[in-house]
Amino acid sequence: KAGVTQTPRYLIKTRGQQVTLSCSPISGHRSVSWYQQTPGQGLQFLFEYFSETQRNKGNFPGRFSGRQFSNSRSEMNVSTLELGDSALYLCASSSSLQGSGANVLTFGAGSRLTVL
Amino acid sequence: KQEVTQIPAALSVPEGENLVLNCSFTDSAIYNLQWFRQDPGKGLTSLLLIQSSQREQTSGRLNASLDKSSGRSTLYIAASQPGDSATYLCAVPTQGGSEKLVFGKGTKLTVNP
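Residues numbered from 1 in each chain as written. Chains lettered and ligands numbered in written order. Predicted model: local features only at pLDDT ≥ 70, side-chain atom pairs only at ≥ 80, totals over all residues. Heavy atoms only, no water.

Across its full length, chain B holds zero helices and 11 strands. Beginning at the N terminus, the succession of helices and strands in chain B can be written as β-β-β-β-β-β-β-β-β-β-β. Relative to its length of 113 residues, chain B is compact, with a C-alpha radius of gyration of 13 Å against a globular reference of 13 Å. Structurally, chain B occupies a C-alpha span of about 40 × 30 × 20 Å along its principal axes. Summarising the internal contacts of chain B: among those between residues at least 6 apart in sequence, 54% fall at separations of at least 24. When the accessible surface of chain B is totalled, it reaches about 5,200 Å², and 47% of it is carbon and sulfur. When the 10 positive and 9 negative side-chain charges of chain B are each reduced to one mean point, those points stand 5 Å apart. (Helix = DSSP H or I, 4+ residues; strand = E, 2+ residues; numbered from the N terminus. Rg over C-alpha atoms; globule rule 2.2 N^0.38 Å. Contact = heavy atoms within 4.5 Å. Areas by Shrake-Rupley, 256 points an atom, 1.4 Å probe, with all protein chains shown as cover. Lys, Arg positive; Asp, Glu negative; His and termini not counted. Charge placed at Lys NZ, Arg CZ, Asp CG, Glu CD.)

Encoded structure:
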C-alpha cells in the first residue's frame, strides 16, 4: 500500500514569505503528526491532528499552523518565514487511537525548506 | 520534562561486528519506546516498538531491550553490514500512547566494508 506522501519535497523561500506543506497519510490512518528536524535541535514535535481536530501541540510560535481535512490529508503553514525555519519537515501517520500504546508512526520522506 | 539522550553520537565499525546503541530517558513513566532509522536526506523508518510491559523486541538482526526502572534502552545489531549505515534514533511519547514523541539526537552508524 502507498506510504505517507509529502509535497513538495524541496522548496526555497525568502524571509517574510509564507509556505504551505502537504501530507497525505496512509489510507485508513486518521492521525497525522508533524515534526521539524534541524541539525541543532534534532526532531521536534509541531502538532498532531486526529479526525480534523488538533490533539497535541508542540512549543512553536503561532506562525506555525496546521489543519486536517475530512479525508485525513493534512497541511501545515508557516507564515512570515525566518532563516531559522530552514529545516526538514516530516509528517507521520498512524492508525491507532491515543492511549492504545501501539502507535507505530510511519513517516514520509519530508519536505526540505530553505529560507534565504 | 522528558529528555532522551543517545550515546555515542557517532560510531564506526567494521563489517560483521556486533554492536550496541544506547538510549536513555529521564522520566521512566513511559508508555512505549520506538527505535527508528534515518538514511541521509530521507524520512524515518520505524524499526521496533517496545511496549512498557515488554523487556525486549526482536526483528531479524535487530534486538531492542527496555529497562524502564533505569531509564534505558539498547538496540543490538548483530553481524553488521554496510547497508546498516544510517542514523538511529530512539523516541518516547510525552503522554500516554500519544503521537507526540520526544526524540534523541541519534547515533550515526557507519559500517565499513
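Once you've had a look at it, read on.
A separate point is the sheet that holds strand S1 (residues 4-7) of chain B. Strand pairs in the sheet, formed through backbone hydrogen bonds, run parallel or antiparallel to each other. All names here are of chain B. Overall, antiparallel pairing links the five strands, which are arranged S1-S3-S8-S7-S6 in an open sheet. Taken across any chain shown, the strands that pair with only one partner, and hence form the sheet edges, are S1 and strand S6 (56-59). The mean inter-strand angle of the sheet, taken between neighbouring strand axes irrespective of direction, is 15 degrees. In this structure, S6 lies alongside strand S7 (residues 62-67), joined through four bridges in antiparallel fashion. Paired with Thr58 across the bridge in S7 is Asn63. (Pairing = 2+ DSSP bridges. Axes fitted to C-alpha atoms, helices over the stretch in contact; angles between N-to-C directions.)

Bringing the interface of chain A and chain B into the picture now. Residue-level contacts link 30 residues of chain A with 21 residues of chain B. Summing both sides of the interface, chain A and chain B together bury roughly 1,900 Å²; the carbon and sulfur share of this comes to 50%. Counting the contacts that link chain A with chain B gives zero salt bridges. Taken together, chain A and chain B are joined by four residue pairs in polar contact (both at pLDDT 80 or more). (Buried area = accessible area lost by both parts, 1.4 Å probe. Salt bridge = Lys/Arg side-chain N within 4 Å of Asp/Glu carboxyl O. Polar contact = N/O pair within 3.5 Å; in protein donor to acceptor, adjacent residues only side chain to side chain.)

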